[in-house]
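Here are the chains, one letter per residue:
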Amino acid sequence: MLKLSGIVAKYGNITALKGIDLEVPAGSVVSLIGANGAGKSTTMKTITGLMQATEGQITFCGQEIKGLAAHQTVSRGISLVPEGRQILGRMTVLENLMIGACQRRDNEIQADIRRLFDRFPILGERREQTGGTLSGGQQQMLAIGRALMARPKLLLLDEPSMGLAPLVVADIFRIIREINQEGVTILLVEQNVRQALKVADYAYVMETGKIILHGKTEEIIHNPRVVEAYLGGK
Ligand code: ATP
């Protein structure tokens, strides 16, 4: 579904991505792991068009998408749940969700909102409350809900478990699994490597702008380098 070949991206003189090759097959959950500053968020930004790659190709459903702006990748079917959630704290839950649907022209938006409130009852209860009054976990649900309102084929999740309590993290990973089972392909960036490898089918490990390792999660999880660096050496 998504294929990156030789992607290079820069912040001024700093080359954050040094030739990334990555594939996300339709229907899968692929996880991208790596230390702080490895280039995971930059990879997400180049896929969505929030940042432009200087070299390489990005194809989505067989079409070149490199060079498209962020609103264009959304209309092609790619939604990002950004790092730090980025919900609008002064707008209501419902308004935040409607922003996710702002490019849609169909008449099923209200039905999707109702389905979303079935999935996240707490968001339904708090639909008229401002986003800023929600807990961290609820804000993450809202950020995921907002992204789903665009009806994505591919959902990109950047550190969805960051700063959340363990029980809430478990809930977020359950939700990710459910969304995938409903047919949405997922690319997941996580520092919580153990959880990320539980939910993913395939994983890429990044270090300083490069993919250093990739494979099926059952192989990656036993790789000595991964165990040493990301799984606490156990
Ligand atoms: P984190 O988990 O900390 O977000 P990451 O793997 O997502 O890490 P990136 O945020 O993609 O890493 O950063 C990759 C590299 O690009 C790092 O060296 C970082 O310092 C640099 N970088 C990121 N954003 C900027 C920016 N706005 N300006 C300059 N350099 C940046």
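Residues numbered from 1 in each chain as written. Predicted model: local features only at pLDDT ≥ 70, side-chain atom pairs only at ≥ 80, totals over all residues. Heavy atoms only, no water.

Looking at an unreviewed UniProt entry, one finds the protein named ABC transporter, with Acetonema longum DSM 6540 as its source organism. Recorded in UniProt under Sequence similarities (unreviewed entry), the annotation for the protein is "Belongs to the ABC transporter superfamily." (UniProt positions renumbered as here; feature names shortened; annotations may be inferred.)

Colleague: Summarise the environment of Gln-140; cite the residues concerned and give the values.
Modeller: With respect to the helices and strands, Gln-140 occurs in helix α6 (residues 136-148). Note on Gln-140: relative accessible area 1%, which makes it buried. Taking the C-alpha atoms as reference points, Gln-140 and Gly-12, 128 residues apart in sequence, are found 31 Å from one another. At 2.6 Å, the side chain of Gln-140 forms a polar contact with the side chain of Arg-85. (Helix = DSSP H or I, 4+ residues; strand = E, 2+ residues; numbered from the N terminus. Buried < 20%, exposed > 50% of the residue type's maximum accessible area, 1.4 Å probe, protein only. Polar contact = N/O pair within 3.5 Å; in protein donor to acceptor, adjacent residues only side chain to side chain.)

Colleague: Outline the site of the ligand, listing residues and values.
Modeller: Every one of the 13 residues lining the ligand counts as a neighbour, but Gly-37, Gly-39, Lys-40, Ser-41 and Thr-42 are closest to it. Ala-38 is positioned with one of its backbone polar atoms (N or O) 3.1 Å from an oxygen atom of the ligand. Glu-83 places a side-chain nitrogen or oxygen 3.4 Å from an oxygen atom of the ligand. Surface burial for the ligand is 63%, taken as the share of its 630 Å² of free accessible area covered by protein chains. Looking at the shell around the ligand element by element, the count peaks at 3 residues for helix α1 (residues 40-48). (Near = heavy atom within 4 Å. Areas by Shrake-Rupley, 256 points an atom, 1.4 Å probe, with all protein chains shown as cover.)

Colleague: Give me the pairing of strand β3 (residues 29-34): which residues, what numbers.
Modeller: A large share of β3 lies buried, amounting to 6 of its 6 residues. Relative to strand β8 (residues 185-190), β3 runs parallel, the two sharing 5 bridges. In the sheet register, Leu-32 faces β8, and the bridge partner there is Val-189. Where β3 and strand β9 (residues 202-207) come together, 5 bridges link them in parallel fashion. (Pairing = 2+ DSSP bridges.)

Colleague: I'd like a description of the pattern of salt bridges, backed by residues and values.
Modeller: For the structure on display, the rule yields 10 salt bridges. The salt bridge involving Arg-104 is made with Asp-112; its shortest N-O contact spans 2.8 Å. Arg-115 is paired through a salt bridge with Asp-112; the nearest N and O atoms lie 2.6 Å apart. Placement of both Arg-115 and Asp-112 in helix α4 (residues 109-119) is noted, with a separation of 3 residues, approximately one turn of the helix. (Salt bridge = Lys/Arg side-chain N within 4 Å of Asp/Glu carboxyl O.)

Colleague: Tell me about the sheet that holds strand β5 (residues 63-64), residues and numbers included.
Modeller: One open sheet holds the 4 strands; their spatial order is β2-β1-β4-β5, and the pairing between them is antiparallel. Each of the sheet's edge strands pairs with one partner strand only, and the pair in question is β2 (14-24) and β5. Pairing of strand β4 (residues 55-60) with β5, which is carried by 2 bridges, proceeds in the antiparallel orientation. Bridging across to β5, Thr-59 finds its partner in Glu-64. Sitting on the sheet, α1 is in contact with β1 (2-11), β2 and β4, with an inclination near 110 degrees to β1. (Contact = heavy atoms within 4.5 Å. Axes fitted to C-alpha atoms, helices over the stretch in contact; angles between N-to-C directions.)

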